[in-house]
Each structure stands twice: as structure tokens, then as C-alpha cells.
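Descriptive structure summary
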Amino acid sequence: MTATQEGFFADAAMIGIGTALPAYHFCWLLNKHFEIDFRRDPDQNIPMVKKENQYYFPIYQYSFPNSTHTYLLYKLKNGTEALVPEIRHLDYLWLVQTANPEEDALLILGELKKIPDIQLAQILAQDQLKSLNNLLV
């Protein structure tokens, strides 16, 4: 892990999510369920070039008021391309950046499993992902 990766992922936990919902509907559902406000900033889209084609992967962000705590929600697929190939079976990745990311991720995971439109939700270990650089924003 590079120094940049270590800094970005130091106080973070990751939840992989499988759902057929489009991103705008999924964010609306999460915002309603968790009483938060995920927002998309098109300037933060992650670009990727493969076989001379350009792909963009949107990121949705929620920053807690008066805090350094942040949630990032990555859309992991664009057509047949995957932002993080080793978790190609997942549709979204929720990055939890808080003071207690592991505990907070477990609480979020429990809530995600209550939402009928979500087929899969699981905690992901950072050391299992070789493409962490693709998540840096």
C-alpha cells in the first residue's frame, strides 16, 4: 500500500453492495433510510481509459456537518467495465471514513440488510483489493 493509499484509507471501512437499482434511485433510497444526503459531484467522477474508450464512474458523497466524517458511495460499473475488477460482482462500494469506521460499517451493514432492494451487502477487507488506487479521490 502506498503512502497516499494509507492516508486515504487509514480511518476507513468498506462495504460492498449488490443491487440492480440505478444510482440515482439507490442514493434516494439510502438518503431516505439513513436520513443523510448523498450528493453527486460530476467533477469527482473517476475516469478510466480502456481499449481507447473513456469510462466514468460516479461518486456520491455525504459529509457530516461540523465533522471530518465522510461517506463515499462509488458506482463500480459502467457497462461491462468495472472500477475494481476483483469485486466485479458488486454494484456499489460504500466507503465509511469516521472515527470508528469498523463499528460504523457494521451498523450500516445491519441496516442495509433490512432494505429489500439490496441483494448483497458485505464488509470488504482493504488488503484483498489490488485496485485500491482506483478509489482515490
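Only a predicted model underlies this, so the values are computations on that prediction, with no experimental measurement involved. (Residues numbered from 1 in each chain as written. Predicted model: local features only at pLDDT ≥ 70, side-chain atom pairs only at ≥ 80, totals over all residues. Heavy atoms only, no water.)

1. Quick look at the overall build of the protein chain
Within the protein chain, the regular secondary structure consists of 3 helices and 10 strands. Helices (α) and strands (β) of the protein chain occur, in sequence order from the N terminus, as α-β-α-β-β-β-β-β-β-β-β-α-β. At 14 Å, the protein chain has a C-alpha radius of gyration in line with the 14 Å of a compact globule built from 137 residues. Here the protein chain holds 137 residues, and 47% of them are scored as buried. Intrachain contacts of the protein chain at a sequence separation of at least 6 include 62% that bridge at least 24 residues. Surface exposure of the protein chain reaches about 7600 Å², of which carbon and sulfur atoms provide 50%. Side-chain charges in the protein chain split into 11 positive and 16 negative, and the spacing between the mean points of these groups amounts to 9 Å. (Helix = DSSP H or I, 4+ residues; strand = E, 2+ residues; numbered from the N terminus. Rg over C-alpha atoms; globule rule 2.2 N^0.38 Å. Buried < 20%, exposed > 50% of the residue type's maximum accessible area, 1.4 Å probe, protein only. Contact = heavy atoms within 4.5 Å. Areas by Shrake-Rupley, 256 points an atom, 1.4 Å probe, with all protein chains shown as cover. Lys, Arg positive; Asp, Glu negative; His and termini not counted. Charge placed at Lys NZ, Arg CZ, Asp CG, Glu CD.)

2. A look at helix α3 (residues 101–112)
Here α3 spans 16 Å end to end across 12 residues, near enough to the 16 Å set by a 1.5 Å rise per residue. Within α3, the full set of buried residues consists of Pro 101, Ala 105, Ile 108, Leu 109 and Leu 112. The arc enclosing the buried residues of α3, seen along the axis, measures out at 105°, which places them on a common side. With respect to the buried face of α3, the exposed residues turned more than 90 degrees away are Glu 103, Leu 106 and Leu 107. Residues of α3 that are buried sit in contact with β1 (12–19), α2 (23–34), β6 (70–75), β9 (92–97) and β10 (118–124). (Expected span 1.5 Å × (residues − 1). Arc of directions from axis to C-beta.)

3. Examining the pattern of salt bridges
Enumeration according to the criterion identifies 4 salt bridges in this entry. Close ionic contact of Asp 91 with Lys 77 constitutes a salt bridge, the shortest N to O distance being 3.3 Å. You can see Asp 91 sitting in the loop between β8 (81–82) and β9 and its partner Lys 77 sitting in strand β7 (residues 77–78), a full 14 residues away along the chain. Residue classification places Lys 77 among the partly exposed positions, given a relative accessible area of 28%. Across the salt bridge formed by Glu 111 and Lys 114, the nearest N and O atoms sit 2.8 Å from each other. The partly exposed category is assigned to Glu 111, whose relative accessible area is 26%. With relative accessibility at 56%, the residue Lys 114 sits in the exposed group. (Salt bridge = Lys/Arg side-chain N within 4 Å of Asp/Glu carboxyl O.)

Spatial relationships are all this shows, so hold off on functional conclusions.
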